[in-house]
Amino acid sequence: MRPFVIVLALAALIAGCQARPAARAEVNAPTVIASLTDQTTVWSCPECGMDFTGPGQCTMCKVDLVKMNVAYICPADDQPVVSSGKCPRCDANARVVKSAAVADAAPGAGTPDAGATPAPAATTTPSGS
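Quick caveat: nothing in here was measured; it's all calculated off a predicted structure.

Rules used in this analysis
- Along each chain, numbering runs from 1 in the same order as the chain's sequence is written.
- Predicted model: local features are reported for residues with pLDDT of at least 70 only, side-chain atom pairs are reported and counted for 80 or more only, and whole-chain, interface and lining totals are derived from all residues.
- Hydrogens and water molecules were not included; the side-chain quantities draw on all heavy atoms of the structure.
- Strands here mean DSSP runs of E at least two residues long; helices mean DSSP runs of H or I at least four residues long; both are numbered from the N terminus.
- Relative accessibility thresholds used throughout: buried, under 20% of the residue-type maximum; exposed, over 50%; partly exposed, between the two (1.4 Å probe, protein chains only).
- Among buried residues, the Ala, Val, Leu, Ile, Met, Phe, Trp, Tyr and Cys ones that are joined through side-chain atoms within 4.5 Å form a nonpolar core.
- One bridge is not enough; two strands pair if DSSP finds at least two bridges between them.

Caption draft 1: Region of the structure containing the environment of valine 81. With respect to the element layout, valine 81 can be found in strand β4 (residues 80-81). With relative accessibility at 12%, the residue valine 81 sits in the buried group. For the pair valine 81 and alanine 94, spaced 13 residues apart in sequence, the C-alpha to C-alpha distance is 7.3 Å.

Caption draft 2: Spotlight on the environment of alanine 76. Examined against the element boundaries, alanine 76 turns out to sit in the loop between β3 (66-73) and β4. For alanine 76, a relative accessible area of 61% puts it in the exposed group. Linking alanine 76 and asparagine 93, residues 17 residues apart in sequence, is a C-alpha distance of 9.2 Å.

Caption draft 3: Looking closely at the nonpolar core. Judged by nonpolar contacts, Ile33, Leu36, Val42, Met68, Val70, Tyr72, Cys74, Val81, Cys87, Ala94, Val96 and Ala100 together constitute the single largest core of 12 residues. Among the secondary structure elements, those contributing two or more residues to this core are β3 and β5 (95-100). Residues Trp43, Cys45, Phe52 and Leu65 belong to the second largest nonpolar core, which totals five residues.

Caption draft 4: Looking closely at unusual backbone geometry. Within the chain, lysine 62 stands out as a residue other than glycine whose phi angle is a positive 60°. Inspection of the secondary structure puts lysine 62 in the loop between β2 (51-52) and β3. Lysine 62 sits in the exposed class, given a relative accessible area of 53%. Even without being a glycine, aspartate 78 presents a positive backbone phi close to 55°. Checked against the element boundaries, aspartate 78 lands in the loop between β3 and β4. The partly exposed category is assigned to aspartate 78, whose relative accessible area is 49%.

Caption draft 5: The arrangement of the pairing of β3 in detail. Relative to β3, strand β1 (residues 41-44) runs antiparallel, the two being bridged by four bridges. Within β3, the residue paired with tryptophan 43 across the bridge is lysine 67. The pairing of β3 with β4 spans two bridges and is classified as antiparallel. Residue pairing for β4: isoleucine 73 is matched across the bridge by proline 80. Hairpin geometry of β3 and β4 is characterised by an intervening segment of six residues between the two adjacent antiparallel strands and by a positive phi of about 55° at aspartate 78.

On their own, these measurements won't tell you what the molecule is for.
This is the structure:
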């Protein structure tokens, strides 16, 4: 009986050593933002439109994320508000406006090239989900 227990323990030990460790998510990977509340900068996927907390690649599409500025605007008076949800001045829900963040220009840089691609237009999304 004793040799059987030793053989069983060795078999379990060997099987445990052969098991592959579970794949871990990258430690520095950005996390998905479920809904915009008071963020002023997010990184968005140009393919699926998901918003993330930092730079990197989209977890679904595997494309590079684009840095976006976020503003919350009252639709009644077109004035900025601090966060999404009800405007503090009225009962309207603030709309979310995202625009591509412009990279800092290099010192001494002149005007942009005539063939340069312009930044995408601002996008607005309704808020209040």
